[in-house]
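# Coordinates in review
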Amino acid sequence: LSHHNISTVTRKKNCKVSGSHVSYLENEVRSSLKLQRTLVQTLPDGSLQATPKELLYEFCTKLKPSKLGIMQVGWGGNNGSTVTAGIVANREGICWETCKGMEEPNLFGSLSQHGTLRLGITSDGTDVFVPFKSLLPLVEPKDIVLGGWDISSYNLAEAMDRAQILEPDLKRKLRPLLESMKPLPGIFDEEFIAKNQLPRADNVIQTKNKAQQVEIIRQDIRKFKQQHMLDFVVVIWTANSERYSVELSGVNDTAENLLNAISSNHKEVSPSTLYAVASILEGCPYVNGSPQNTLVPGCIQLAEENQVFIVGDDFKSGQTKMKSVLVDYLVGSGMKVESMVTYNHLGNNDMFQLTDGEMWKPKSAAKSRVIEDIVGSNGTLYKEDEMPDHVVVVRYVSSYGDSKSDVSEYVTRTFMNCPYRTVMYNNCLDSALCAPLIIDLAIFIELFHRVSYRTSDMKAFAPMHPVLSALSFYMKIPRTPVGEPHVNALQRQRACIENLFRALVGLNGEDNLFLETKFP
Ligand code: NAI
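Below you will find a few notes about this structure.

This brings us to the environment of L111. By the element assignment, L111 lies in helix α2 (residues 111-114). C-alpha separation for the pair L111 and D231, spaced 120 residues apart in sequence, amounts to 23 Å. With sequence-adjacent residues up to four places away left out, L111 is seen in contact with F132, D440, F444, F473, Y474, R494 and I497.

A full pass over the atoms with the stated rule returns 29 salt bridges. Between R218 and E282 there is a salt bridge, with its nearest N and O atoms 2.7 Å apart. One end of the pair, R218, is in helix α5 (residues 210-227); the other, E282, is in the loop between α7 (271-281) and β13 (286-288), and 64 residues separate them in sequence. With its nearest N and O atoms 3.0 Å apart, the salt bridge here joins K336 to E386. Of this pair, K336 sits in strand β15 (residues 336-346) while E386 sits in the loop between α12 (372-376) and β16 (389-396), and the two are 50 residues apart along the sequence. On the accessibility criterion, K336 (23% relative accessible area) is partly exposed. Relative accessible area serves as the criterion here: at 25%, E386 is assigned to the partly exposed category. Sharing partners across several salt bridges, the network here consists of D161, K171, R175 and E179.

Below, the discussion takes up α5. Over its 18 residues, α5 extends 25 Å from the first C-alpha to the last, a length consistent with the 26 Å expected when each residue adds 1.5 Å. Here α5 has its buried residues at K210, Q213, V214, I217, R218, D220, I221 and F224. Burial along α5 is one-sided: seen end-on, the buried residues are contained in an arc of 155°. Opposite the packed face of α5, turned more than 90 degrees from it, sit the exposed residues K223, Q226 and Q227. Looking at the packing, one finds that the buried side of α5 touches β5 (68-73), β10 (145-150), β11 (184-185), β12 (232-237), α6 (255-263) and α7. Taking the backbone nitrogen of A211 as reference, a side-chain oxygen 3.0 Å away marks N209 as the first, capping residue of α5.

Across the sheet, six strands lie side by side as β11-β10-β5-β12-β13-β14; this open sheet has parallel pairing. The sheet is open, and its two edges are formed by β11 and β14 (310-311), each paired on a single side. In terms of strand pairing, β5 meets β12 through six bridges, oriented parallel. Each bridged residue has a counterpart across the sheet, and for Q72 the counterpart in β12 is I236. On top of the sheet, helix α13 (residues 430-449) reaches β5, β12, β13 and β14; it is set at about 140° to β12, its chief contact.

So, about the sheet that holds strand β2 (residues 22-24). Across the sheet, which stays open at both edges, the five strands sit in the order β2-β3-β4-β19-β20 with antiparallel pairing between neighbours. Taken across any chain shown, the strands that pair with only one partner, and hence form the sheet edges, are β2 and β20 (462-463). Where strand β19 (residues 451-455) lies against β20, two bridges are found, and the strand directions are antiparallel. Counterpart to Y453 in the pairing with β20 is A462. Lying over the sheet, helix α14 (residues 490-504) contacts β3 (28-42), β4 (48-62) and β19, oriented at roughly 130° with respect to β3.

A word on empty space enclosed by the protein. Evaluation of the coordinates by the stated rule reveals two cavities of 30 Å³ or more. What the largest cavity holds in volume is close to 760 Å³. Taken together, 49 residues make up the lining of the largest cavity; nearest its centre are T238, A239, N240, S241 and D350. Of all the secondary-structure elements, those providing two or more residues to the lining of the largest cavity are α1 (78-92), β10, α7, α9 (319-332), β15, α10 (349-353), α11 (357-368) and α13. Classifying every residue of the lining of the largest cavity by side-chain character gives 18 nonpolar, 19 polar and 12 charged. Its boundaries defined by the atoms lining it, the second largest cavity holds a volume of some 30 Å³. Lining of the second largest cavity is provided by Q319, T320, K323 and K367. Counted by class, the lining of the second largest cavity contains no nonpolar, two polar and two charged residues.

For the rest of this paragraph, the subject is the layout of surface pockets. Of the volumes computed, that of the largest pocket is approximately 1,700 Å³. Around the largest pocket sit 39 residues that line it, and L35, Y57, E484, C496 and L500 are the ones nearest its centre. Of all the secondary structure elements, the ones that give two or more residues to the lining of the largest pocket are β3, β4, β19 and α14. Among the elements that line the lining of the largest pocket, the one with the most residues is α14, at seven residues. Of the residues that constitute the lining of the largest pocket, the class distribution is 22 nonpolar, 12 polar and five charged. Of the voids in this model, the second largest pocket is the one considered here, and its volume is about 720 Å³. If you trace the second largest pocket, you find 26 residues lining it, with W96, N106, L166, L170 and A432 closest to the centre. At the level of elements, α1, β6 (96-98), β18 (418-429) and α13 are the ones that each hand at least two residues to the lining of the second largest pocket. Classifying every residue of the lining of the second largest pocket gives 16 nonpolar, six polar and four charged.

What counts, and where the lines are drawn
Starting from 1, residues in each chain are numbered consecutively following that chain's sequence as written. This being a predicted model, a pLDDT of at least 70 is required before a residue's local features are given, and a value of 80 or more before pairs of side-chain atoms are given or counted; all residues contribute to the totals for chains, interfaces and linings. With hydrogens and water set aside, each side-chain value is computed from the structure's full complement of heavy atoms. In this description a helix means any DSSP run of H or I spanning at least four residues, a strand means any run of E spanning at least two, and both kinds are numbered starting from the N terminus. For this analysis, residues touch if any pair of their heavy atoms sits within 4.5 Å. For this analysis, a salt bridge means a side-chain nitrogen from Lys or Arg found within 4 Å of a carboxyl oxygen belonging to Asp or Glu. Burial here depends on accessible area, computed with a 1.4 Å probe over protein chains only, as a share of the maximum for the residue type. Under 20% is buried, over 50% is exposed, and the range in between is partly exposed. Expected span of a helix, by definition, is 1.5 Å for each gap between consecutive residues, and there is one gap fewer than residues. What the arc measures is the spread of directions leading from the helix axis to the C-beta atoms. Side-chain atoms alone can form a polar contact between residues adjacent in sequence; in general such a contact is a pair of N or O atoms within 3.5 Å, and within protein one must be able to donate a hydrogen while the other accepts it. Pairing between strands is defined by DSSP: at least two bridges between the two strands are required. Note on method: axes are straight lines fitted to C-alpha atoms, helices fitted across the in-contact stretch only, with angles between N-to-C directions ranging 0 to 180 degrees. Note on definitions: the grid is 1 Å and covers protein atoms alone; a cavity is a set of points where a 1.4 Å probe fits but cannot get out; a pocket is an open set with protein on both sides within 12 Å along at least five of seven lines; lining residues have an atom within 4 Å of a point. Grid points are joined across faces, edges and corners, and a volume is the space filled by probe spheres set on the points. Side-chain classes are defined by residue name, with Ala, Val, Leu, Ile, Met, Phe, Trp, Tyr, Cys and Pro counting as nonpolar, Asp, Glu, Lys and Arg as charged, and the others, Gly among them, as polar.

Structure (structure tokens):
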């Protein structure tokens, strides 16, 4: 084999896997695969015993993507308007002038559009990488229909201006295309949002009756679906972070109690839970992009009973993502992270909202928890219950607008306790980090909706579990089905999506072994 093998990314549109365990039919691809998991038991003498267990899985994935709509709650916000502007600019091929010359639209930052995975190796030893979407057909972003709700009446062109994110020439060209997009009135409950948001709440559903509010949202979803002849709608919360709702037995602990609490207008049912319930009852997956406990136990049960996907909580877009990479590297290399002190400052509307202490609590908790599994994975460095000294400071600086800066200092102990200090600075527009995540979430959810599976003890094929943990890559506090641990480490989360794609077309998970050359 050559010593100068180059990894190549194929730009060809499709690739197919051959073999007796994969079949491409007219409308679906079927694969069967032996997947291994390792069961660990503690023996009476305290030692651990690991037993590999093989399970045979059959997968069936429908090949034709649905006509997809995304309804964003908070459509007129910075994320909502940036997602919309980005999709429209890409669809229409709108270029814009900056002081440095012309810029072209793209969807960088999106795994579904620009992520690649290693397919395999050629006979001359060249690694071949392919885009995710060449293995299985995905919805094209240009075909996504956008809609949603906002408590502010600004149309999407006005919302884009208010966000102060895009260049003037681009906004000027987008304006005629975005002006006609107007958010539907939203559910407003001043108990769950900071008082400083009251001035923008001029587009609210007029009834305070929660059952009626759910009914209106359900009708909105149905109308949106009919109007655009959509097969599938994903509802994504990208509205402001709410305060926690109090979890009470008899109120939001079971699906039945939650529906009764809505009927009796219970004050602890938050607007976001009402949107989630309405989506689930309409069979539409719901993504909670903020840290609040929208997905109370009753809401999760409702999703399970109705077999509707839910994904939560809080988009993992900036500093938290960096943290889950950096700490993974440090602890993964056998070094002990002793302290992590991180500062964020930004000046967008959601940050302004978070200056209210009650609204800040869920965000603070979400930002603090992202390394638990990484630290917990290394009992040689940390004692039980020991964690790095982790401080998270976030400040509102109005003049920064959507531009988010973060500075962080990590003190790690390496060989012979020598300190290893890492200081990091990041700056990016908050919405530029988040918009591709929102697009990816909808596109991957649509794919997973086309997947069914069967194990050797199942007669019929069944859909994936409604708590869609396969998309943990995108969330700060990933929701998982009961019995599945939380994974925060970013590369493990990415490997989950990658290996799932591979399994659906009958390829084993990537092991990075290169057995063929190490053991020739
Ligand atoms: P934003 O404040 O610009 O937009 C939120 C929009 O939601 C506003 O237009 C507001 O009027 C609307 N809204 C508030 N309550 C509503 C309700 N009950 N119904 C309908 N509309 C409602 O905020 P931005 O920057 O777009 O962020 C959106 C959410 O995404 C926030 O909760 C934020 O915490 C979350 N998030 C954002 C990240 C990022 O931008 N990088 C990362 C992680 C989470």
